[in-house]
Amino acid sequence: MKHKINIKHILNGRITIYLLIFIFSITSCKKLVEVDPPDTNITELNVYSNKASATAVLTGLYIKMSSSGLQSNGVTSMPLLTGLSGDELVLYSGTHNETYSAFYTNSLTSSNFGYPNPWSNLYSLIFTCNSAIEGLSRSSELTPSIKNQLLGEAKFLRAFYYFYLVNLFGDVPLALSTDYTVNSTLSRSPKDIVYQQIIIDLKEAQAILNDNYVDNSLVNATSERVRPNKWAAIALLARAYLYHGEYANAENTAAEVIGHTALYGLTGLNDVFQMNSREAIWQLQPVNNGFNTEDARLFIIPSTGLSDEWPVYLSNQLLNSFESGDQRKVSWISRFTDNSVTPAVDYYYSYKYKVSEFGQPVTEYAMVLRLSEQYLIRAEARAQQNKLSEAATDLDAIRQRAGVNKTTATAQTALLEAIMHERQVELFSEWGHRWLDLKRLNKVNEVMSNVTPLKGGIWNTNRQLYPIPAGEILKDPNLTQNPSY
């Protein structure tokens, strides 16, 4: 039986032995989650005095992200829900999932938001980060290198989670501790304040995370790009600067990652989403035994066709956005033909991840941060500063990798539109990029006023923010709802 979680309950708890036993017990998952057996004397007071138990807390967050929640084929899947909200995905007409239908027709309410949902999911993860930051900051038993790596991971992850909260919901409560007396009555902090905290966390994480990727020892270098390093913090910081309108900082920060060629470089299209590819800055290792990525399981339509379990395919709006000769449409999109009807109907699906069958060798990891986004961040930041030739050079690095000609845009407005288009065809079905771009670039009303009626809904500009779950409003007297909900 699943119990509902609200922010008040999430933020007044304490990490207990039960969480640690759960984390330690996942012994079937390899590499990232291979940990020693639990110490039966672990309590909340000594979790962070022991390297194994302290590491397990952070490892548990990666496990949760990989197996359920943000990147699963459930109601809290970021690429699924944002893809339905925007213009990337079409929902199968025979689906019985009312939550998916509400996202798809942009008709969410505070009571049909589903559970779990991004709000409850993200705040649950943030609570664990807050507890880890408090515990690690007090710990005197861990070596400085171990303490710094784990503290850096916790601050990086908290920034990552708040990035999605502020972009999905607007102003949000900024919970930075596990203090119940504070968290139970938090009001919403303005977006600018939330972004300031995101930037603070990422700069602090950058300063203490390892330069290289490390294994579970947190000391030994590894080829596995699954524990965030310094460069992951810098990459997310570049994105935060861009979204916050700090274009010079976004340009310079993205340039740091692009320039670190010892670790990172653009790869061929078929190699991008491979485990530990040179394009990967941060990936999630699969933990569902027998499968590769949740993305492949979610998006690849099986031979049995569309159903409640596989309810989405790519929209014509996305398919028609690819230019002639764009090899991404060949390498990253595939087709299912339904021959049960006459004439037969083709459904196209995201094929960035290609291994969806059970029992196949692990060759793909779920991509969270990758190098091509850094090129597009720097291109946009440069264009915003009227550095147009440099912006075009960054844009063309991505276009030419895809087999299309260099951009013909020369004026600032045209170049910014070309960069937005490139983000659409490069980053589709990845972590909500398209939905967030439509909103931050003030294109959401222009696009959705045409798209939502095609999906059977009526567009309301207030629907670009998701509703805060009704139960949260009832429990926190200082928490207000988004407009029109």
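From a predicted model like this one, the values you see are computed outputs, not experimental measurements.

What counts, and at which threshold
- What you see as residue numbers is a count from 1 along each chain, following the sequence as written.
- Two thresholds apply to this predicted model, a pLDDT of at least 70 for residue-level local features and 80 or more for giving and counting side-chain atom pairs, whereas whole-chain, interface and lining totals are computed over all residues.
- The basis for every side-chain value is the complete set of non-hydrogen atoms in the structure, without hydrogens or water.
- One side-chain nitrogen of Lys or Arg within 4 Å of one carboxyl oxygen of Asp or Glu is enough to make a salt bridge.
- Only protein chains enter the calculation, and the probe is 1.4 Å; a residue is then buried if its accessible area is under 20% of its type maximum, exposed if over 50%, and partly exposed in between.
- The secondary structure listing takes helices from DSSP runs of H or I that are at least 4 residues long and strands from runs of E that are at least 2 residues long, numbered from the N terminus.
- Only four residue types enter the tally: Lys and Arg on the positive side, Asp and Glu on the negative side, with His and both chain ends excluded.
- Contact definition: two residues touch when any of their heavy atoms are within 4.5 Å.
- Along the chain, pLDDT gives the predictor's confidence residue by residue, from 0 to 100.

Quick look at the pattern of salt bridges
(1) Moving on: Summed over all chains, the structure comprises 27 salt bridges.
(2) Moving on: Between Arg328 and Asp326 there is a salt bridge, and its shortest N-O distance comes to 2.8 Å.
(3) Moving on: Exposure remark for Arg328: the relative accessible area of 0% places this residue in the buried category.
(4) Moving on: The exposure class of Asp326 is buried, given its relative accessible area of 4%.
(5) Moving on: Of the charged contacts, one joins Arg440 and Glu380 as a salt bridge, the two residues approaching to 2.8 Å between their closest N and O atoms. Taken together, the positions of Arg440 in helix H18 (residues 433-440) and Glu380 in helix H15 (residues 371-384) put the pair 60 residues apart, joining distant regions of the chain.
(6) Moving on: Overall, Glu380 belongs to the buried group, its relative accessible area being 3%.

A word on the side chain of Lys439
(1) Moving on: Structurally, the position occupied by Lys439 is in helix H18.
(2) Moving on: An unpaired buried charge is present at Lys439: no salt bridge exists, and Asp437, the closest side chain of opposite charge, is 10 Å distant.
(3) Moving on: When residues no more than four places from it in sequence are discounted, the contact partners of Lys439 are Asn167, Leu168, Val444, Gln464 and Leu465.

Focus: the confidence of the model for the chain
(1) Moving on: This prediction gives the chain a mean pLDDT of 89; 89% of its residues lie at or above 70.
(2) Moving on: Confidence drops under pLDDT 50 across residues 1-42; counting only partners more than four residues distant or on other chains, this segment forms 85 contacts.

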